[in-house]
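# Analysis of the macromolecular model
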Amino acid sequence: DVVLRRFEQMMSTPPICIERQLDGMFRLTTTVLLPDTAERVFQFLSDTNNLEIVLPPWLGLRTLSPRPIDMGIATRIDYRFRIHGVPARWESEVTSWEPPRRFVYEQGRGPFRYWMHEHTFLDCKDGTMARDNVDYAVPGGRLVHSLFVRRDLERVFRYRRAQLISTFGARY
């Protein structure tokens, strides 16, 4: 049965993969197949109004930048959120904008030593493959990463994946 094989294949592939890079940075990768067009998925994920849908409520995310936000290269967005209840600020800048295939934002100011999040969208037979590649480094290096950051990012991206599946009505 084709549906069962696809489901088993999806379940055997970790939805979120975090690997340590040779330079001491980390790379998080996650992919989800959504039954919609790349244009609609790109539009949804690049709209900052939808961050509060795809990010978990325990982060308490608030966009501080005035709305509406006109997205494109060099757009800067300021946020406030909580990490384990501790208030934090985040400033990001869009560094690549290629609708409806790709966009990238990088942390200008925030809790990471480095953060670059690339979103890509690929048309497939069954919809759009949405892929996230996040390259990042944390203060405190591997120890802080293993004690706190890895688990937190896995929780955030699992939540995000579930919200995307729920929003787009993915079949699996």
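Quick note: structure is the one above.
A brief look at the structure comes next. Because the structure is predicted, anything quoted here is derived from the model rather than measured. Per chain, residue numbering runs from 1 following the sequence as it is written. Totals for whole chains, interfaces and linings use all residues, but because this is a predicted model, local features are given only for residues with pLDDT of at least 70 and pairs of side-chain atoms are given and counted only at 80 or more. Excluding hydrogens and water, the side-chain figures rest on all heavy atoms present in the structure.

### Things to note about the overall build of the protein chain
A run of DSSP states H or I qualifies as a helix once it reaches four residues; a run of E qualifies as a strand once it reaches two. Both are numbered from the N-terminal end. In terms of regular secondary structure, the protein chain is built from 4 helices and 8 strands. Going from N to C terminus, the protein chain has its helices and strands arranged as α-β-β-α-α-β-β-β-β-β-β-α. Radius of gyration means the value over C-alpha atoms here, while the globule rule gives 2.2 Å times the residue count to the 0.38 power. For 172 residues, the compact-globule formula gives about 16 Å, and the C-alpha radius of gyration of the protein chain, at 16 Å, lands near that figure. Projected onto the principal axes, the alpha-carbon positions of the protein chain cover approximately 50 × 40 × 30 Å. Residue burial in the protein chain is summarised as follows: out of 172 residues, 43% are buried. When checking whether two residues touch, look at their non-hydrogen atoms; a contact exists if any pair is within 4.5 Å. Sequence-distant contacts, at least 24 apart, represent 47% of the contacts inside the protein chain between residues at least 6 apart. Working note: accessible area of the protein chain is about 9800 Å², and carbon and sulfur atoms make up 54% of it. Taking the average location of the 25 positive side-chain charges in the protein chain and that of its 21 negative ones, the two points are 6 Å from each other. Buried means the residue's accessible area, taken with a 1.4 Å probe over protein chains only, is under 20% of the maximum for its type, while exposed means over 50%, and partly exposed covers the values in between. Shrake-Rupley sampling with a 1.4 Å probe provides the accessible areas, and residues are treated as covered by the protein chains on show and by no other component. Charge assignment in this entry is limited to Lys and Arg as positive and Asp and Glu as negative, and neither His nor the chain termini are counted. Where a charge lies is defined by one atom per residue type, namely NZ (Lys), CZ (Arg), CG (Asp) and CD (Glu).

### What to know about the pairing of strand E5 (residues 86–98)
For strand E4 (residues 76–83) and E5, the ladder comprises 8 bridges, and the chain directions are antiparallel. Bridge assignment links Arg82 to a residue of E5, and that residue is Pro87. Counting the residues between successive antiparallel strands, the hairpin from E4 to E5 contains 2 residues, one of them, His84, with a positive phi of roughly 50°. Following DSSP output, two strands are said to pair if at least two bridges run between them. Bridging between E5 and strand E6 (residues 102–109) involves 7 bridges; their strand directions are antiparallel. Within the sheet, the bridge partner assigned to Trp97 lies in E6 and is Phe103. Counting the residues in the hairpin turn of E5 and E6 gives 3 residues.

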